[in-house]
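Structure assessment
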Amino acid sequence: MIIEVNGSKPGTSHKVDTESVTCTCQDFRFKRSNYSKESINRQCKHISKVFRDHPELAPVQVVDDSGVNSNLVDKDGISRYSRTLFSPYVKIVENIILKFPDVKRVVLCGEFERLLDRVDKLTFLVVCNSFQSLCSYIEQSLFPIVVSRSESKVEYLIDGYIPVEIIHTDEYGIYARSFFYNSSKEEVLRIQKICELVKYDLSLQGLKSGDEYLPLKSEEDLYKLIGEEYKKPYER
């Protein structure tokens, strides 16, 4: 049976399917859908309300398996979710960052940029003069949950569940760092070895020749400087 439940915001509603124990709300889709139908942790507040109002529709047996959601956790211990959940937030966050007048450059990188089906978070690299002022501006604009905030990195939960990481860097380091975030470990090691052969040093801080960092206008520049054919993030 499909039952419509009012959402927390005026004029919104969500549909609860009592047979499959599902809900169309974001809390269920993002955090709870991998629990079994018998799990109390599968029940968002909308499903719980329906079962309170209609106990005859609730599962015969309900178990409490708090902390068990292994389907979301990969072998490396990191929780990942469908990239489709992140897609609407890319432009939202990027546009807010770009509206801040101090920002010179912003680059999206990481698992989303590599076109992976399951993603751990959205990672943005930013070049600006006042990173802390940018963070304050983002917090006043998007009202995120602040998970952590330091001099060069901030982690947010947007809308309470979308992990977003924003890292402060400079013009020399932004594309070197994006290369690291956009590449597999094997590709990073391969390119670092080639850099060593041509007397370059590649790190998160940039591509270094002797005592000087070389300006990179893109990741393509990095591959070109070491004589390698460029690979797009999803090819790495």
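Below, the structure is looked at part by part. (Residues numbered from 1 in each chain as written. Predicted model: local features only at pLDDT ≥ 70, side-chain atom pairs only at ≥ 80, totals over all residues. Heavy atoms only, no water.)

Considering the side chain of Thr 123
Inspection of the secondary structure assignment puts Thr 123 in strand S7 (residues 122-128). For Thr 123, a relative accessible area of 3% translates into the label buried. Separated by 3.0 Å, the side chains of Thr 123 and Glu 165 make a polar contact. Leaving out residues up to four positions away in the same chain, Thr 123 has contacts with Val 107, Leu 108, Cys 109, Glu 165, Ile 167 and Tyr 181. (Helix = DSSP H or I, 4+ residues; strand = E, 2+ residues; numbered from the N terminus. Buried < 20%, exposed > 50% of the residue type's maximum accessible area, 1.4 Å probe, protein only. Polar contact = N/O pair within 3.5 Å; in protein donor to acceptor, adjacent residues only side chain to side chain. Contact = heavy atoms within 4.5 Å.)

Regarding the packing of aromatic side chains
How two aromatic rings sit relative to each other is set out by the distance from centre to centre and by the angle between their planes. Within the structure shown, the criterion is met by 6 aromatic pairs. Seen in terms of ring centroids, Phe 100 and Tyr 137 are 5.4 Å apart; in terms of plane orientation they differ by 45 degrees. Their pairing is tilted. Of this pair, Phe 100 sits in the loop between helix H3 (83-99) and strand S5 (103-109) while Tyr 137 sits in helix H4 (residues 131-142), placing them 37 residues apart in sequence. Members of the aromatic cluster, joined through ring pairs, are Phe 179, Phe 180, Tyr 223 and Tyr 230. One cation-aromatic arrangement involves Arg 83 over Phe 112; the distance from NZ or CZ to the ring centre is 4.0 Å. (Phe/Tyr/Trp six-rings, centres within 6.5 Å; stacked < 30°, edge-to-face > 60°. Lys NZ or Arg CZ within 6 Å of the ring centre and 35° of its normal.)

Examining the sheet that holds strand S8 (residues 145-149)
With mixed pairing, 5 strands are arranged side by side in an open sheet as S5-S7-S10-S9-S8. Sheet topology places S5 and S8 at the edges, where each strand pairs with a single neighbour. On average, each strand axis in the sheet is tilted by 20 degrees relative to the strand beside it, whichever way the strands run. Taken together, the 4 bridges between S8 and strand S9 (residues 153-158) define a ladder with antiparallel strand orientation. For Arg 149, the partnering residue across the bridge sits in S9 and is Val 154. (Pairing = 2+ DSSP bridges. Axes fitted to C-alpha atoms, helices over the stretch in contact; angles between N-to-C directions.)

Thoughts on the sheet that holds strand S13 (residues 212-214)
Read across the open sheet, the 3 strands follow the order S11-S12-S13; overall the sheet is antiparallel. At either end of the open sheet lies a strand with only one pairing partner, and these are strand S11 (201-203) and S13. Strand-to-strand twist across the sheet, computed as the mean angle between neighbouring axes with direction ignored, equals 35 degrees. When strand S12 (residues 206-209) meets S13, the two strands line up antiparallel, connected through 3 bridges.

Things to note about the nonpolar core
Counting 31 residues, the largest nonpolar core has Phe 86, Ile 97, Leu 122, Phe 124, Leu 134 and Ile 166 as its most contacted members. Where this core is concerned, the elements lending two or more residues are H3, S5, S7, H4, S9 and strand S10 (162-169). The element best represented in this core is H3, accounting for 7 residues. The next biggest cluster of nonpolar side chains, apart from the first, holds 22 residues, and it includes Val 107, Cys 109, Tyr 200 and Leu 214. (Core = buried A, V, L, I, M, F, W, Y, C linked by side-chain atoms within 4.5 Å.)

Some remarks on the environment of Asn 6
With respect to the secondary-structure elements, Asn 6 resides in strand S1 (residues 2-6). Distance in space between the C-alpha atoms of Asn 6 and His 46 is 8.1 Å, their sequence separation being 40 residues. Leave out the neighbours within four places in its chain, and Asn 6 touches Thr 12, Ser 13 and His 46.

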